Amino acid sequence: MTQVPTPTVDTVRRLVRSLLTDAPTAGPGPEVRPVAEAGGHSTWWVGTRHVLRLAPDREASARRRRELRLRDLVRPHVGVAVPVSVAHGEWAAGLGYTLDTKLAGVTSEEQDVSAIGEADLAALLTGLREVPVRQAEALGVPRAAPRSLEELRTSAERAAEQLAAADEFDPARFAQLTAAAAAQLAAQPGVAVLVHDGLKGEHLVVSADGRLRGVLDWTDAVLGDPTEDIAGLAIAVGAPAAVRAATLAGYGARPCLRGLWLSRCDTVIRLADSLQGRGDSPVTLLRTQLRRAWEPILLERVTELTGDD
């Protein structure tokens, strides 16, 4: 098996000098430093204006190439900024890179989304639904089958018992999600839209006034269940804000509640895995995401859902 090279500061500096026409040919060049929250994505800040992403393997390289085309497709629809690539190619044999302009703002982990920002989130969800599915599929965006909420509920209940033993979570909170409720919130057939599938806090760019200004990292986008993005927003900005945004985007009670319970099951499972040494996300972040997803919402009082919701 070929050894995957490890990018270093020198590797990045040499690449940056070859890409940026205004980079000095002598001296250290622009400041480069890894983006801590990017984990294994090998993402680097380059000065104050650019972000360099180095694909760690060939599969990631293929997704990055697809992302370049997908960003052009979604940009007219989503109502917020999408990164623009100023250069792309290979940083090592078979391993791709993209050098993007940095979007102004901070992540939603650092700045709360305001009420007006929730309207921006609604416009994002609406725009994703309007992206032509056939064009996205022609770019190679894969289809993803909806997840079984019943199977997820079963796994999450086991994880909740593990968290209870560690005094992290009260498993009685799952009493609302009965088997019958999970069946009622099954994904509706024939509903497939472009799903970002990674609307977590580090991918939402927010301005100082709480407006959503951009969305990062489209490499995991799929054609599938739109409630996955509602679930992502619940983890990123909290359940009430996510449901309000989804409602503004035209989603009814059923998809909102499905997204809510997807997020709740996911956060319980991920925290339990992390406490047992599986996964690489910080435990403090996973606890915060669990708290956000389990924030109560008025919609939970709905007991009867019609087929039109």
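Residues numbered from 1 in each chain as written. Predicted model: local features only at pLDDT ≥ 70, side-chain atom pairs only at ≥ 80, totals over all residues. Heavy atoms only, no water.

As for the confidence of the model for the chain
Heads up, the rule is: The score called pLDDT rates the predictor's confidence residue by residue, from a low of 0 to a high of 100. Contacts are residue-level and defined by heavy atoms, with any inter-residue pair within 4.5 Å sufficient.
Chain-level pLDDT for the chain is 91 on average; 92% of the residues reach the 70-or-more range. Considering only residues more than four positions removed or in separate chains, one finds that residues 303-308, a stretch of pLDDT under 50, has eight contacts.

With respect to the sheet that holds strand β6 (residues 106-107)
Rules: Pairing between strands is defined by DSSP: at least two bridges between them are needed. Secondary structure counts use DSSP, requiring at least four H or I residues in a row for a helix and at least two E residues in a row for a strand, with both numbered from the N terminus. Lines fitted to C-alpha atoms define the axes, with helix axes restricted to the stretch in contact, and inter-axis angles between N-to-C directions lie between 0 and 180 degrees.
On the basis of which strands lie adjacent, the open sheet formed by three strands has the order β6-β8-β9 and antiparallel pairing. Of all strands in the sheet, those bounded by a partner on one side alone are β6 and β9 (212-215). Two elements, β6 and strand β8 (residues 204-206), share two bridges in a ladder whose sense is antiparallel. Along β8, the bridge assignment pairs T107 with V205. Against the sheet, helix α3 (residues 115-130) touches β8 and β9, its axis set at about 35° to β9.

Description of the pairing of strand β2 (residues 43-46)
Looking at chain direction, strand β1 (residues 32-34) and β2 are connected through three bridges and run antiparallel. From the neighbouring strand, P34 faces β2, where its bridge partner is W44. With four bridges connecting them, β2 and strand β3 (residues 50-54) associate as antiparallel partners. The residue bridging W45 from the neighbouring strand is V51, located in β3. Count of turn residues in the β2/β3 antiparallel hairpin: three residues, of which G47 carries a positive phi of about 60°.

Regarding the side chain of H203
This is how the line gets drawn: Buried residues are those whose accessible area, probed at 1.4 Å on protein chains only, stays under 20% of the maximum for their type, while exposed residues exceed 50% and partly exposed ones sit between those limits. Counting of polar contacts relies on pairs of N or O atoms within 3.5 Å, with two restrictions inside protein: one atom must be capable of donating a hydrogen and the other of accepting it, and residues adjacent in sequence are counted only when both atoms are side-chain atoms.
Within the secondary structure layout, H203 lies in the loop between β7 (193-195) and β8. Owing to a relative accessible area of 7%, H203 belongs among the buried residues under this scheme. Side-chain polar atoms of H203 contact the backbone oxygen of G198, separated by 2.8 Å. In this view, H203 contacts H196, G198, G214, V215, L216 and D217; residues no more than four positions away in its chain are not counted.

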